[in-house]
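Residue-level structure breakdown
Residue-level listing of the chains:
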Amino acid sequence: MLASTLPANPFTEHHDDHEQKVDKYLHQFKLSDKTLMELSMRFRREMDKGLCRDTNPTAAVKMLPTFVRSTPDGTEQGEFLALDLGGSNFRVLLVKVKGNGEQKVDMESQIYDIPELVMTGSGSELFDHIADCLADFLEKMGIKDKKLPLGFTFSFPCQQTKLDETKSTVHKTGFHPHLSLLTSYQSILMSWTKGFRLSGVEGKDVVSLLRKSIKKRGDFDTDIMAVISDTVGTMMTCGFDDRHCEIGLIVGTGTNACYMEQMRNLQLLDGDEGQMCVNTEWGAFGDDGALEDVRTDIDREIDAGSLNPGKQLFEKMISGMYMGELVRLILVKMARDQLLFQGNITPELLTTGHFSTNYIYTIESDKDEEGLASTEKVLRGMGLDPTAEDCAATRRICQIVSTRAAHLCATSLAAVMRQIRDNKAAEKLRITIGVDGSVYKNHPEFSRRLNKTVRRLVPDCDVRFLQSQHGSGKGAAMVTAVAYRLAAQQAERQRILDTLRLSREQLFEVKRRMTEEMARGLSKQTHDQTSVKMLPTYVRSTPDGTEQGDFLALDLGGSSFRVLLVRLRHEKKLKVNMHQKIYSIDQETMQGTGEELFNHIVYCIADFLDYMGMRGASLPLGFTFSFPCDQTKLDEGILLKWTKGFKASGCEGKDVVKLLKEAVRRKQKFDLNFVAVVNDTVGTMMTCAYEDPRCEVGLIVGTGTNACYMEEMQNIETVEGNEGRMCVNVEWGAFGENGELDDFCTEFDRAVDECSNYPGKQRYEKLISGMYLGEIVRNVLLDFTAKGLLFRGKMSERLKTRGIFETKFLSQIESDRLAMRQVRSILQHLGLTGSTCDDSVLVKEVCSVVARRAAQLCGAGLAALVEKIRQNRNQNQLSITVGVDGTLYKTHPHFSSIMQETLQDLAPQCEVTFLKSEDGSGKGAALITAVACRFKSEKLL
């Protein structure tokens, strides 16, 4: 149970009895810690109602979107105008913001009165007056000819609607960008408060009204960038000094709070990425009856006598407009009950508003004796003749009323902090609350009581309260400055990301060039010059379903190596049973000698045969060797070049089957019946063809990328014979090695290529495959950071490490519904512990753009391939299945759909079905061996 926090009583023993009577009389004002916690949870539920699209219309706490998408990051700079309207006068300010480490703000301002006639007149008269005062200020500052951005603090409840975004244009000279009106707002006044009652404004757009008045004058112009409440202004002002500030709090004439909410929770708007400041308008908490069990008769009397009965009930229990009146009504009631002033009541005491909230500040500001003297002075000023006990009781009443206000404020503030903590999934939240308002600033104990209660209610939050200076005016300028910074940065980011975006025309061109290179690869005359080698595999058929028997399969294609026993059986239906064992290949072996590598492979085979109890057995064997090979027959493969990080010496240009046979002979423990050497792409096609006879294309999109397909023998000029078909291993990863992709490559692609093991090689693969996408993203992030467009320009040493941004991060970032949390954890892993929500949104966008381009390029290549098959067969419409494997295709949430959309767009006459392969490299090798054995038995080989 939380400890009680009502202030210790300052009275002497002589007054104890009278003090206890006051405490007893006002027991309803004293809220237990259990009640405070319950109220906090109740307010959290009200917040949820306001955020939810379905319940918002009837919610008391409206949770209004402000369209402020970011707090300051310290890099803002430029000149901005601000208007501050919230009382009987208003201010015009010129705010000069200096960023780049200085974080300095210079302000010039002038206060203008609002005449009584204007305050009680029409809305058009008010806005004409504001425009006149703004013109006067610009004239005095000598800047009337400048068109500066303007922020408008309009401290009344408004419903804001973002109409559209227009593209920004940046000056080529000087820092300060001139951005065309970045965001068109409507800010609809819901209701006047604070004594304002101008006609013709409620339900109208205050931005339009102000623009109309400025236009009517015609002697100056400005970009109205933002309309905000004083609460938002407070948060933004403090946010410039402390980047942890994500809550704004006002406790003055009225009370309200705002905070940075996740867009995914803000159902009133479309979009679920990033964050937006929400204006809670919490003064209306309880308007639907949610506070009836804690409201007292005094609260009800205050409400009944107010200008807006039944409205702003929470505010009426807290704010400076009502605090003094609460005390006055208690004094009257206690006097009538003969508990104060010997039952005497003066006309002054009966006058509404006569006990100012400022009196409470005075009465509670001094120590006991001085405080009692101040109390006596206040009471005598109201025509009373108080005793010492009357003064002590009055002081106690002030304490009880102001303490309740602080406690109630803490309950709702704690709910907001819990919401932020839960949004961030943080065990302990570190946060700063920007605060303004006369009660918080002037009451001697309010801030201490509020701070202490908040810390008790939310012990798992490290909270700091930062008092705002010039919050409402400077804040409006800061909102505008942030909007300008975001727009300028966004324009630059999009310019860079646009280099990674491909148009439909460009994709058609990729398809055309791939088609051209495939034709060159099939031609005997041009085969040696082309980048796309179109290697014959000597696989002459896909499975027909009659294959059966036991087969060994080896699978080498990465840092692990598998040996499999595959059993094909004909029972009621085709059945495949597999047993396998996985062995690792260390870096030293991958980059040592060929003899060491193949000795290791043979050791693994011998171990597997022992494991299966098959020592001495000689089964047909298929070898999945997922590296570019030139084949002249099915059981021979000349390694053209190592890829995927392998560099074993003495292998390139050699027959890998022969190298393996030599290693077996050295071991002298078993013999192997070699039948086929294949790559994983062909294995994938064969595995899927076992399930779907229409599968005649294999596709791998994983660590690397490649494709194969069944080509007409008459088109394969590098192989003798014209009858039937043969599977061609496209080896399309090398597409671009002759410059075919140079005009599509960006500076980031070139950086990745230059730092790779084989610069200038596998150019198509480096734009698509899992081995490289993370590196492309990392290079973009480095560029953005160096230009101050990300992470506030602060470079992480870990981010400079090649390979640190793994491609699997792209899949994680784009697949999680709560993606911002996922991004944040990844960025923390990269040493970017200070990254913001905005940073997370941008990182996700970069991942999305890079992955989308990869999927589109893959789709363009596939379109060239299936279109060739269609033309080979002279069909108007081709129906075909593609067997596909690879971690990128299987795990990335959008890759497959984007690739398929691109394929459909670029090859509309091809109806393509995709079938995911299960273990193409292992099972596929066995199936190729089985098909070859079937051919042999039929004497077709």
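The structure we're discussing is the one just above.
What comes next concerns the included structure. (Residues numbered from 1 in each chain as written. Predicted model: local features only at pLDDT ≥ 70, side-chain atom pairs only at ≥ 80, totals over all residues. Heavy atoms only, no water.)

**Quick notes on the sheet that holds strand β8 (residues 223-228)**
Adjacent strands of a sheet form backbone hydrogen bonds with each other and so pair up, either parallel or antiparallel. To be explicit about the condition: Strands are labelled as partners when DSSP assigns at least two bridges between them. The numbering of helices and of strands both runs from the N terminus, where a helix is a DSSP run of H or I of at least 4 residues and a strand a run of E of at least 2. Under this scheme, a helix contributes an axis fitted over its contacting stretch, all axes are lines through C-alpha atoms, and angles between N-to-C directions fall in the 0 to 180 degree range. Residues count as neighbours in contact if any of their non-hydrogen atoms are within 4.5 Å of one another.
Taking strand neighbours across the sheet as the criterion, the five strands line up as β4-β3-β2-β5-β8 in an open arrangement whose pairing is mixed. Whereas interior strands pair on both sides, the edge strands pair on one side only; in this sheet they are β4 (104-113) and β8. Shown here is a sheet whose adjacent strand axes are inclined to one another by a mean of 20 degrees, direction ignored. Note: strand β2 (residues 78-85) against strand β3 (residues 89-98), eight bridges, orientation antiparallel. Counterpart to Leu-85 in the pairing with β3 is Phe-90. Sitting on the sheet, helix α5 (residues 206-217) touches β2, β5 (149-154) and β8, and the angle it makes with β8 is about 145 degrees. Across the sheet, helix α6 (residues 230-241) touches β3, β4, β5 and β8, and the angle it forms with β8 is around 105 degrees.

**Brief notes about unusual backbone geometry**
The line we're drawing: For every residue, the accessible area obtained with a 1.4 Å probe (protein chains only) is divided by the maximum for its type, and the residue is called buried under 20%, exposed over 50%, and partly exposed between those limits.
Although it is not a glycine, Gln-342 adopts a positive phi angle of roughly 50 degrees. Tracing the backbone shows Gln-342 in the loop between α8 (320-336) and α9 (347-350). Taking the relative accessible area as the measure of exposure, Gln-342 reaches 52% and is therefore exposed.

**As for the packing of α8 against helix α12 (residues 388-424)**
Threshold: Angles below 35 degrees are treated as roughly parallel, those above 145 as roughly antiparallel, those between 65 and 115 as roughly perpendicular, and all remaining angles as oblique. Definitions for this section: a left-handed crossing has its near helix turned counterclockwise from the far helix by less than a right angle. A right-handed crossing has that turn clockwise. We call Asp, Glu, Lys and Arg charged. Ala, Val, Leu, Ile, Met, Phe, Trp, Tyr, Cys and Pro are nonpolar, and the rest, Gly among them, are polar.
Packing of α8 against α12 brings their axes to within 10 Å, and their N-to-C directions diverge by 135 degrees. Relative to α12, α8 is oriented oblique. Regarding α8 and α12, the two cross each other, and that crossing is right-handed. Only Thr-394, Ile-397, Cys-398, Val-401, Ser-402, Arg-404 and Ala-405 of α12 make contact with α8, whose side of the interface consists of Met-323, Leu-326, Val-327, Ile-330, Leu-331 and Met-334. A breakdown of the residues in the contact of α8 with α12 according to their chemical character gives 10 nonpolar, two polar and one charged.

**Quick word on the pairing of strand β19 (residues 629-633)**
Regular strands have side chains that alternate between both faces of the sheet. Here β19 pairs with strand β20 (residues 636-639) via three bridges, running antiparallel. Bridging across to β20, Lys-633 finds its partner in Glu-636. Between the end of β19 and the start of β20, which pair antiparallel, lie two residues.

**Things to note about the packing of aromatic side chains**
The cut-off we apply is this: Pairing of aromatic side chains here covers Phe, Tyr and the six-membered ring of Trp, requires ring centres within 6.5 Å, and sorts the geometry by plane angle: under 30 degrees stacked, over 60 edge-to-face, intermediate tilted. Only when the NZ atom of a Lys or the CZ atom of an Arg is both within 6 Å of the ring centre and within 35 degrees of the ring normal do we say a charge sits over the ring.
Per the stated rule, a full pass over the model turns up 21 aromatic pairs. Between the aromatic rings of Phe-627 and Trp-642, the centroid separation amounts to 4.9 Å while the plane-to-plane angle is 85 degrees, which identifies the pairing as edge-to-face. Of this pair, Phe-627 sits in the loop between β18 (620-625) and β19 while Trp-642 sits in the loop between β20 and α19 (656-667), and the two are 15 residues apart along the sequence. For Trp-642, a relative accessible area of 1% corresponds to the buried category. Sitting over the ring of Tyr-611, Lys-581 keeps its end group 4.7 Å from the ring centre.

**Comments concerning the environment of Ala-606**
Summarising the element assignment, Ala-606 is placed in helix α18 (residues 594-611). C-alpha separation for the pair Ala-606 and Ile-114, spaced 492 residues apart in sequence, amounts to 95 Å. Setting aside its immediate chain neighbours within four residues, Ala-606 contacts Lys-667 and Phe-670.

**Quick notes on the sheet that holds strand β11 (residues 275-279)**
What the six strands build is an open sheet, ordered β1-β11-β10-β9-β12-β13; its pairing is mixed. Looking at strand neighbours, the two that pair on one side only are β1 (64-65) and β13 (461-467), the edges of this open sheet. Here strand β9 (residues 245-251) pairs with strand β10 (residues 255-262) via five bridges, running antiparallel. Note that in β10 the partner of Ile-250 across the bridge is Asn-256. Packing against the sheet, α6 makes contact with β9, β10, β11, β12 (429-436) and β13, and its axis sits at approximately 135 degrees to β9. In this fold helix α14 (residues 446-457) packs onto β9 and β13, with an angle of close to 160 degrees to the strand it touches most, β13.

**Things to note about helix α21 (residues 747-754)**
Basically, it comes down to this: As used here, the arc belongs to the directions running from the helix axis to the C-beta atoms.
Turning to α21, its buried residues are Phe-748, Asp-749, Val-752 and Asp-753. Seen end-on, α21 carries its buried residues on one side only, within an arc spanning 135 degrees.

**Description of the environment of Glu-717**
Worth spelling out the cut-off: Polar contact criterion, stated in full: a pair of N or O atoms within 3.5 Å, where within protein one must be able to donate a hydrogen and the other to accept it, and residues adjacent in sequence count only if both atoms are side-chain atoms.
Relative to the assigned elements, Glu-717 resides in the loop between β23 (705-712) and β24 (725-729). Put simply, Glu-717 and Gln-525 are 192 residues apart on the chain and 8.7 Å apart in space, counted from C-alpha to C-alpha. Among residues more than four places away in sequence, those in contact with Glu-717 are Leu-522, Ser-523, Lys-524 and Gln-525. Polar side-chain contacts of Glu-717 include one of 3.0 Å to the backbone nitrogen of Lys-524.

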